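Listed below, chain by chain, are the residues.
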Amino acid sequence: MITLTMAKALNAGMRRALEADPKVVIAGEDVGKLGGVFRVTEGLQKDFGEHRVIDSPLAESGIVGTAVGMALRGYRPVCEIQFDGFVYPAFDQIVSQLARLHYRSRGLLQMPIVIRVPYGGGIGAVEHHSESPEAYFCHTPGLKVVTCSDPVDAYWMIQQAIASDDPIIFFEPKRRYHERAELDESLAPAPLHSARVARPGTDVTLIAYGPMVKTCLDAAEAAAEEGHQLEVIDLRTLSPLDMAVVYESVQKTGRVVTVHEAQLNLGLGAELAARITEQCFYSLEAPVLRVGGFDIPYPPSRVEEEYLPDLDRVLDMVDRSLAY
Amino acid sequence: MALHTFRLPDPGEGLLEADIVTWRVAVGDQVKINDILVEVETSKSLVELPTPYAGTVTELLVNEGDTVDVGTPIVSIDDGLGAQPPAEPNGDGSEAQVPNLVGYGPRSATAKRRPRRGTGDGPVETHDQIADTFSTYAPVSRRADDREPLQAEQDAPTGAPLPGPGKTAPAATPSGGAVLAKPPVRKLAKDLGVDLGSLVGTGPGGVITRDDVTVASKPAEAAEEISTPVATRAASEDVRIPIKGVRKSTADAMVRSAFSAPHVSVWLDCDVTATMQLVERLKSRREFVDLRVSALVIVAKAVCLALRRTPELNSLWDEAAQHIVLKSSINLGIATATPRGLLVPNIKGAGSLSLVELAAAIQEVVTTARDGKTRPADMAGGTFSITNIGVFGVDAGTPILNPGESGILCLGQVSRRPWVVGDGAEERIEPRWVTTLSVSFDHRLADGAQGSTFLADVAAILRDPALALLY
Amino acid sequence: MSDISGASGEVELVQLLTPEGERLEHPEYSFSGDDDQIKNFYHDMVLTRRVDAEATALQRQGELGLWASCLGQEAAQVGSGRALGKQDFVFPTYREHGVAWCLGVDPLHLLALFRGIDLGGWDSEQSRFHLYTIVIGAQTLHATGYAMGVERDGLVGTGDPDRDMAVVCYFGDGATSEGDVNEAFIFASSYNAPIVFICQNNQWAISEPIERQSRIPLYRRASGFGFPGVRVDGNDVLAVYAATTAALERARSGSGPSLIEAYTYRMGAHTTSDDPTKYRLADELEHWRLKDPIERVRAYLRRSGSGDEPFFADVEAEASDYAADLRARCLALPDPEMLDFFDWVYAEQTTHLAEQKTHYAEYLATFEDVSQAPVDGLAPAQSASGRQPQPAYPGGVH
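## As for helix α1 (residues 6-20) of chain A
The terminal C-alpha atoms of α1(A) lie 21 Å apart, and with 15 residues this matches the ideal 21 Å at 1.5 Å per residue to within 8%. Listed in full, the buried residues belonging to α1(A) are Met6(A), Ala7(A), Ala9(A), Leu10(A), Asn11(A), Gly13(A), Met14(A), Ala17(A) and Leu18(A).

Next comes the structure, spelled out in C-alpha cells:
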C-alpha cells in the first residue's frame, strides 16, 4: 500500500508501461528534461533516455502527426498536449487521421496512441488553460475517450490505455493532480471502459466524471444531512459509455442529474439524457436534468468558481428533480 | 499599531504545502514591501517569498524545517500605523483544503450548502413555473463601433446590401400538450386499460398522478365484493359489462397461464389443530401485537420452507434459453380480493423473512392492494402464490397459476371435522380443525413426485409446526 | 543543451552598443538619435523592469494567478517599441510588457489579465496594441491578415508619413515551430504584406532550448520564405531600434515583410509557475547577466557624461513610486461580474443564452447575502452574486 498523488500515480503507471514494452515512447513539450509542467513525467527521461521520452518542438499538430507515423512503424506513442486549450492545433491530425486510419485500412492499420490532456478549470489560470473539450472527441468515431477522477484510477487507467490498440484521448483533471490516495497494487483494476458507483444511494443518481466526481461526492454528503441519499456514478469512460451501470442506477432511483464542467449545450449530459430516456423511460420519475458550465467561453479566473458547477448548483438541480 | 498576518501562498505550482527552508528576516527586523522574508521549498523548487507589508517583523509563526500547509499564517508584521485590520473574512482554513495549481491557493472545499432565502416555495418549481421563466427575451444591443474606420478612401458598394440574419427565434415555451403524465404513470394506465385523455389530473399543473389512474380503473360503483356491478335489466335482456380494468387483466393472465403451462393439481386434507393453537399463542406475543395473525401466515411460512426441498416448484421456464431456472429467491404472491378485482401482489424474498416479517409483509401487500396502491413492480416477478378460498366457505379448488409462476397453493376453509386420532387402543374419532390444501403446478417444471412431496411437506408442518425445525 | 554562449564573435548579429557601453559602427545599421533619446530608452527600460519585478512579487504574494516575466528582454521591447510610427499596429504574444509601456497601455491592464479579472481589458484599437494571445503563434496569422487589410486600404507606399503604416508582430523562438507561424510567413510573403516579424529569441521555450526548435539561426528562416531576415543583439537597445526603424520603413514603403531576430535571454522563468533551475545552469545566467541591457546603457551614459548619479537616482525613485502606486491600484481592482460575460459571447444575442443568464440571475437571488468583510480598508467589492470576492488568496492581504 502506498499513498500517492494523481500526478505521481500517472508517473508510476507510465513507468510501468515503458518497462513493459520497449515500443512505448512518450512525447510532448517539456516532458523530458523538465519532467512536464506538472511533473507528471518527472524522472522518466533520465531513466529511459531521450529516445523514449522525447522533448518535442512547440507544435501540437507535429506531435500528433509524427506520432501517427511512429505508430505506423510499430511504436506505441504516448503524446502529451500541455494544456486542454492547446489541443486545437492538433485537432485535424486527431480527427482526420488518428481516428480514421484503422477504419480507412479496413482494420489492417493500428493506431495504439494515447494522447494525454490535462483538462478542466479551478486552478486560477489564464485563458486556454481550463477547457473541457471532451465532447468534440467523444463525437468522433474511431477515438476512445477516458478520464480518471482519482489517483488509483489514474494509475491503472493510463496503463490500460497504453496497452489498448485503439487511439485513446486520456483526460487528466488537473485540479486533482495533487490529491492523494492509497494505492493497493494487489487489487485488480476495473476494466478501462467501465463506469463505477462511487457512492451508493437510493433517491437520485448523479452522473459525473473527472473533476466533478469529487464535487458530486461532496454534494451527496450535504444531501445526506437533508435526508436524501444520492447515488454518485463516476463514468470513467466517456466513449464508449458504460450505460449498464447507469441504467441499473436509474431503474433504482428514477431520477438523474448529470454534472460536467464543459458547457451544457451538446455536452455529455445531453447524450446521457437521450440514452437514459430511451432505455429507462418507464423508470423516470423526473426528466433527466443536467448541470454544466454556462454556454459561454471559459471566463477569467476571478469568476471561474461561479462558472464551474459547485455543490450548490448540483443540489439545486437535485431539488428540482425531487420536486417532480 | 496594525498587525498583519502573511499566510503561505501557493507559489504557482498548485501544491498543498511547502517546507520552510530559510528565514531571511528575524523578529525585530524592519522590512519594506517586497523584501524577501523567507525561502520555501515546494516539492519541486525553491521559492523566495516577498513581503506584502512594510513594518517590523513581530513574530515568525513557523520554524525552519516545518512543512506548512498553504494558507497557514507564517509571519506577523506590525505596520506601525493606526487601526487594527479587520478580521479574516474567511474561515481559518480548517475546512478541507483543495489545492489549486496557479497562484490562488487552495480553495476551501466544503460539503455544505450555501444558505438560501427561506420561503415555503424555495427552489422547487413545477413544470408550469419553469415554463413561465422562459417567457421573457431581452435583446442585447450590438457593440457600438464608433471609431473612425481606418480606410481613408472606400470603394462604393456596387450592389444592394445583404439581408441580415433576421429575427431570432422566439422563446420556446413548451405548452405541455393535451395530456400530462409521467412515464411510469402512462405505463400503468396502459396496463390497466385506462384512457388518460378521459381523466382530470389532480397533480400540480393538471398532471395526472398514479392515484388518478388507479382510481379511474375502479368500476363505476365501488363495491366491497369482487362482483362486477350489475346493471338493472329488463326481464329478458342480457347484461353487457365492458371488458376493462382488472377484469380484463385477470382474464388475459388466466388465458395465458392456462394455455401455456400444463396444470396438474394435487390435494390433501390436513389436521391443522396445532397450527390454530400456535396462531392463538402468537397473537398474544409482543412481536405480533400490531399484526394480523392467522393460519395464512403459518401456511405462507410452511410453503417457503417446503420449497427448499422442492425448488422445482419455485422455478421458471425460460423458453428462449431452453433452461429451467431454479430461482434463488421466493417471491410469494398473495392473492387478494380487492374492490377492483383479484390482484396477486408478491412479497420479494419471502424465503428469507422471519415469521414476524412475513406477517408484516402479508399485511402490507394486502392492505396496499385493497387501497389500490400496488406498484407494478410488486405485481411482477412472482414465483409461487397462495390463494385463500377458505374465506368464501369452500374446501378446495383447482387454482390456475399466476402466469410465469411455477406453483400455487390453495387454502380452503378451516373447519371442524371428525378426524381419526390416536393409534392402537387409543384410536378414536375427535372433532379437529381440518382444512384441505390444493396445489396446482406446472408439469413442465415438476412431476407428480415433486408436487406431492411439496404438498406433503406443507401439510406436515401445519400438522406439527415443530417439524419446521427440520427445514 | 548545447553551447549557447553566444558571444558576439561567434554569433553573427548587429550590435551598436557593447555590453560595456561602447558605441560600435555597423555598415548597414546606425543609431542616429541623440543622448536624450538614449536617456529616454534608459528610463523606459528601468520602468519596464520595475513594473515586471512588482508584478512578480505580487504573484508571489498571491495577488496574481500568474506572471510571465520579461526580465532581460527590455531592450528588445523598448528598442522596437520606440521605433513604431504613429499609425503602426502591434500584435504581441503575452510577454511584451515593454512594448505595451511604449504604446501607453497602462500596466494595470496587464496585471488585471494575469489576476484573472479579464482576458485583455485595454482598448486595442485605440492603443494600437492588440490583446495578448496566449496560444503560441496564433497572432502571427492575425498580424499578417491585418497587414493584408492595411495594404488593401492603400495605406502602404503612398509616401505620406501620415498615412503609410506597418504592422509589427512579436513571437518567441519556440513559436517558430508552430504551423501557424510558418503559414503566416507564407501568406506575408505571397501577398507582400507590410509586416515586420520580430522574434525575441530568448533561447528557451519553457525547458526546451532553441536547438530543439531550429538547427539554423532563426533569422535565416526568412530567406527560405522569400523575405529578408536579420539578427540583432536583442540586449542592445540601439541596434534593436535601428533595425526596427529600417524594417518598418521597408514595410511602409511597400517592400513587404521582414524578420528581425532579437537575440536575447529570458533571465527569469517562463512564468511564475516554472522553475528554470531544473533545466538550465547557473553559469549560463551569469554569462547573460554580463550582457544586461540596462547596465550597458547606464555605462554608456556615464561615459558620455549625459547621465549622472542624480539622473539615475531620479529614475530609480520614479520607478519605485510608480511600482508602489501600481501595487495599490492592482489590489483595488474590482472583481468582474459573472452575469456580464453572458452579454459578450455574441454580437447578436441568442434567446437560449439570454434565458440562461436570466435563470442564473434568479438562482443567485435565492441565496442569502454573504456578509462582506472589507479587505485592508478598501471597500468590499459587492457583486451581484452576493458572493464574497475571491480571496486574493489565503496568503494575501488581510
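## Focus on the sheet that holds strand β3 (residues 30-31) of chain B
Residue and element names in this part refer to chain B. Read across the sheet, four strands follow the order β1-β8-β6-β3 without closing on themselves; strand pairing throughout is antiparallel. Here the strands that pair on one side only, and so sit at the sheet edges, are β1 (3-7) and β3. Relative to strand β8 (residues 73-78), strand β6 (residues 55-60) runs antiparallel, the two being bridged by four bridges. Paired with Val-57 across the bridge in β8 is Ile-77.

## Brief notes about a negative patch on the surface
A grouping of Asp308(C), Asp314(C), Glu318(C) and Asp321(C) is seen on the molecular surface, where their side chains present a negatively charged patch. Relative to the assigned elements, Asp308(C) resides in the loop between α12 (293-304) and α13 (309-331).

## Here we look at the pairing of strand β6 (residues 229-233) of chain C
Residues and elements named next belong to chain C. Counting buried residues along β6, four of its five residues qualify, which places the element largely inside the surrounding structure. With five bridges connecting them, β6 and strand β7 (residues 258-263) associate as parallel partners. Bridged to Val-230 within β7 is Ile-260. Remark: the β6/helix α10 (residues 237-252)/β7 crossover connection has right-handed handedness.

## Some details on the interface of chain A and chain C
Opposite the 41 residues of chain A that make contact, chain C presents 44 residues. Interface area for chain A against chain C, summed over the two sides, is near 3600 Å², with a carbon-plus-sulfur share of 60%. For the chain A face of the interface with chain C, the top three residues by lost area are Leu58(A), Arg302(A) and Glu306(A), together amounting to 24%. Counting across the interface, chain A meets chain C through one salt bridge. A salt bridge links Arg302(A) to Asp335(C), with the nearest nitrogen and oxygen atoms 2.8 Å apart. Where chain A meets chain C, there are 13 residue pairs in polar contact (both at pLDDT 80 or more). For the side of chain A that touches chain C, the elements supplying multiple residues, two or more each, are β3 (53-55), α11 (304-307) and α12 (311-322) of chain A. When grouped by side-chain class, the residues that make up the side of chain A that touches chain C number 18 nonpolar, seven polar and 16 charged.

## Section: the domain arrangement of chain C
What the domain assignment lists for chain C is domain 1 (35-331) and domain 2 (338-385). Computed over C-alpha atoms only, the centres of domain 1 of chain C and domain 2 of chain C are separated by 36 Å.

Rules behind the numbers
Residues numbered from 1 in each chain as written. Chains lettered and ligands numbered in written order. Predicted model: local features only at pLDDT ≥ 70, side-chain atom pairs only at ≥ 80, totals over all residues. Heavy atoms only, no water. Helix = DSSP H or I, 4+ residues; strand = E, 2+ residues; numbered from the N terminus. Expected span 1.5 Å × (residues − 1). Buried < 20%, exposed > 50% of the residue type's maximum accessible area, 1.4 Å probe, protein only. Pairing = 2+ DSSP bridges. Patch = residues over 30% accessible without salt bridge, like charges linked within 9 Å, V, L, I, M, F, W, Y side chains within 5 Å. Areas by Shrake-Rupley, 256 points an atom, 1.4 Å probe, with all protein chains shown as cover. Salt bridge = Lys/Arg side-chain N within 4 Å of Asp/Glu carboxyl O. Lys, Arg positive; Asp, Glu negative; His and termini not counted. Charge placed at Lys NZ, Arg CZ, Asp CG, Glu CD. Right-handed = clockwise from strand over helix to strand, strands pointing away. Contact = heavy atoms within 4.5 Å. Buried area = accessible area lost by both parts, 1.4 Å probe. Polar contact = N/O pair within 3.5 Å; in protein donor to acceptor, adjacent residues only side chain to side chain. Nonpolar A, V, L, I, M, F, W, Y, C, P; charged D, E, K, R; others polar. Domains from an automatic or database assignment.

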